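Chain residues, written in single-letter form:
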Amino acid sequence: MTALFYQIINNIEHITDDNYKWFKKKLQSLLKGFEQHKDVDNIKVLRNKLENLLWEYEQDTKTSKWIRKHLKDLQTFLHQVDDIIHEIEEGKEKQTLIDVIKKVEKRYKNYNKIPNDKKEKYVEVAMKKKNLKYEKEIIKLQLELVKLQRHIQETGQKVLLIFEGRDAAGKWGNIKRFMEYLNPRAARVMALQKPTDQEKTQWYFQRYTKHFPNGGEMVFFDRSWYNRAGVEPVMGFVNKKNYEKFMEDVPKFEEMISDSGIKVIKLYYSVSKCEQAARFDERKRNPLKQYKLSPIDQFSQQLWDRYTLAEYHNFRNTHTKTCPWTVINSDDKKSSRINSIKYVLSLFDYPDKISEKELEYDKKIVYSGKDKMMWLKDEIDIKADLFS
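Residues numbered from 1 in each chain as written. Predicted model: local features only at pLDDT ≥ 70, side-chain atom pairs only at ≥ 80, totals over all residues. Heavy atoms only, no water.

Participant: Describe the packing of aromatic side chains, and please don't skip the residues or the numbers.
Facilitator: Summed over the entire model, instances satisfying the criterion amount to 28 aromatic pairs. Each ring, one from tyrosine 268 and one from phenylalanine 315, has its centre 5.1 Å from the other, and the planes form 80°; the classification is edge-to-face. On the criterion of sequence distance, the pair formed by tyrosine 268 in strand β4 (residues 262–270) and phenylalanine 315 in helix α13 (residues 304–318) is long-range, its members being 47 residues apart. Here tyrosine 268 matches phenylalanine 315 in class, with each residue buried. Sitting above the plane of the tryptophan 304 ring, arginine 166 keeps its charged end 3.7 Å from the centroid. The ring of phenylalanine 348 has lysine 263 sitting right over it, with the charged end atom 5.4 Å from the ring centre. (Phe/Tyr/Trp six-rings, centres within 6.5 Å; stacked < 30°, edge-to-face > 60°. Helix = DSSP H or I, 4+ residues; strand = E, 2+ residues; numbered from the N terminus. Buried < 20%, exposed > 50% of the residue type's maximum accessible area, 1.4 Å probe, protein only. Lys NZ or Arg CZ within 6 Å of the ring centre and 35° of its normal.)

And the structure:
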């Protein structure tokens, strides 16, 4: 078929009323054959060759109006070719989705079903069913994130995701699962260090704005300007006047961001005091996690109530209709990851999206910042002075 196609393209010097029907018929026959074999590569060659041929005729001032009429017909034919390419590639994507999930299942074999002569190649181990379920579900959701990213790139959307929470709440673990299969050219993680001497002289929000997403990008902030709402007042890194100014400015600042066309998603990971202590202990003992320890961590448990008071004021002042807070209960790391991704995916419409039922998140794990604020009222003295 390919040889026939080149013969048609290379031998035809002029499209005329006499040979056009023959030419069109041969093209349709070729396309049908390629389509039956799902030969998308040769269909693309056909499209490119035909586009070049049409371009040459369109540039030629001697092309008659009758021939130009045939060219319009061939342009319509090209649109049909593009539709077929899209359908074939979309079908391949769907097959990949199924294969990737099955790949997780095939990674683990039932030891009792392995032939005796091959058992020596394997080691019998036990795995919790819920862990296997988690691996299958997380890969399915990560595939959805890939679809979402493609849609964001194609439509030029700008998405900013803010990950906040106490130390050891699981922010970075969640970001890693979001980012794992995304194209790094269109997805970035920002984890800024403490401000430099120069940055200290700038407008407080200035060092963050230069990292905002461009069109078609997703940017993940591992902590953000909300350091001033939590760590800074609790640890005495900001005075009361600047803190209150910050709380007053944040809603207006975020409304400006939203008005500029950036979609802001604010996620707050909530960990219990007991679970935080356990995670700190693991960091101390595990050499692979000791890099996560910071000088401030040692005060997190001692100043638990002050951090709780700061949480309350943060939600009370910065949970807005334009940029609301969504709280994720992160005591169970795997549940927080699954439900975080489901929540974010539920905020978008994109092609080939899985069903709403598959994206239903646990409302005991994912809930509003307003609800969190109301619950915190029962835990602390909300009239206490954060700066006393």
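Further notes follow.
Participant: Just give me the short version of a positive patch on the surface, but keep the residues and values in it.
Facilitator: A cluster of basic residues, Lys102, Lys106, Lys109, Lys118 and Lys121, forms a positive patch at the surface. Secondary-structure assignment places lysine 121 in the loop between α4 (65–106) and α5 (129–155). Judged by relative accessible area, lysine 121 falls into the exposed class, the value being 68%. (Patch = residues over 30% accessible without salt bridge, like charges linked within 9 Å, V, L, I, M, F, W, Y side chains within 5 Å. Areas by Shrake-Rupley, 256 points an atom, 1.4 Å probe, with all protein chains shown as cover. Salt bridge = Lys/Arg side-chain N within 4 Å of Asp/Glu carboxyl O. Lys, Arg positive; Asp, Glu negative; His and termini not counted. Charge placed at Lys NZ, Arg CZ, Asp CG, Glu CD.)

Participant: Before we move on, can you summarise the sheet that holds β4 with the specific residues and values?
Facilitator: In space, the 6 strands of this open sheet follow the order β2-β3-β1-β4-β5-β6, with mixed pairing throughout. Looking at strand neighbours, the two that pair on one side only are β2 (187–190) and β6 (366–368), the edges of this open sheet. Ignoring strand direction, the axes of neighbouring strands in this sheet form an average angle of 25°. Note: β2 against strand β3 (residues 217–222), 4 bridges, orientation parallel. Opposite methionine 190, over in β3, you have phenylalanine 221 as the bridge partner. The strands touched by helix α6 (residues 171–179) within the sheet are β1 (158–165), β2, β3 and β4, with β3 carrying the most contacts at an inclination of about 165°. (Pairing = 2+ DSSP bridges. Axes fitted to C-alpha atoms, helices over the stretch in contact; angles between N-to-C directions. Contact = heavy atoms within 4.5 Å.)

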